[in-house]
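# Structural overview
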Amino acid sequence: VQGFYRFMANGRPSLVPLLRLESYETNDGKDQYSMATVSLSYYFDENVKGFIEYRDTYSTPTGVTADNLTTVQFEVVF
């Protein structure tokens, strides 16, 4: 499940917050994982974007350590 909202400026997106909830199974459905991702993107120009994203695995099978990841990225598209 994913949801986001686009704040618009001059007819194009400027700020985009996002929330994503994911779950998946491995080992023939015996191991179940759940993750949440929060992201905030900012569009500097039409083809220039920066974002920060945080992902947390908040539910794991017994004996598997939960983890998290933070990403900061800047994109220029030609």
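The structure we're discussing is the one just above.
To start, this report covers the structure provided alongside it. Because the structure is a prediction, the values reported are computed rather than measured.

Quick notes on the rules
- Residues numbered from 1 in each chain as written.
- Predicted model: local features only at pLDDT ≥ 70, side-chain atom pairs only at ≥ 80, totals over all residues.
- Heavy atoms only, no water.
- Helix = DSSP H or I, 4+ residues; strand = E, 2+ residues; numbered from the N terminus.
- Buried < 20%, exposed > 50% of the residue type's maximum accessible area, 1.4 Å probe, protein only.
- Contact = heavy atoms within 4.5 Å.
- Polar contact = N/O pair within 3.5 Å; in protein donor to acceptor, adjacent residues only side chain to side chain.
- Pairing = 2+ DSSP bridges.

Here Glu 75 is to be found in strand S6 (residues 68–76). According to the relative accessible area criterion, Glu 75 is partly exposed, its value standing at 26%. Residues Glu 75 and Gly 63, spaced 12 residues apart in sequence, show a C-alpha to C-alpha distance of 37 Å. Sequence-distant contacts of Glu 75, that is, excluding residues within four places in its chain, are made with Asn 47, Val 48, Lys 49 and Phe 51. Side chain to side chain, Glu 75 and Gln 73 meet in a polar contact 2.9 Å long.

Now for the pairing of strand S5 (residues 48–59). Sheet analysis places strand S4 (residues 31–45) next to S5, joined by 11 bridges and oriented antiparallel. The residue of S5 that forms the bridge with Ser 39 is Glu 53. What sits between S4 and S5 in their antiparallel hairpin is a turn of two residues. Pairing geometry for S5 and S6, over nine bridges, is antiparallel. Across the sheet, Lys 49 pairs through a bridge with Glu 75, a residue of S6.

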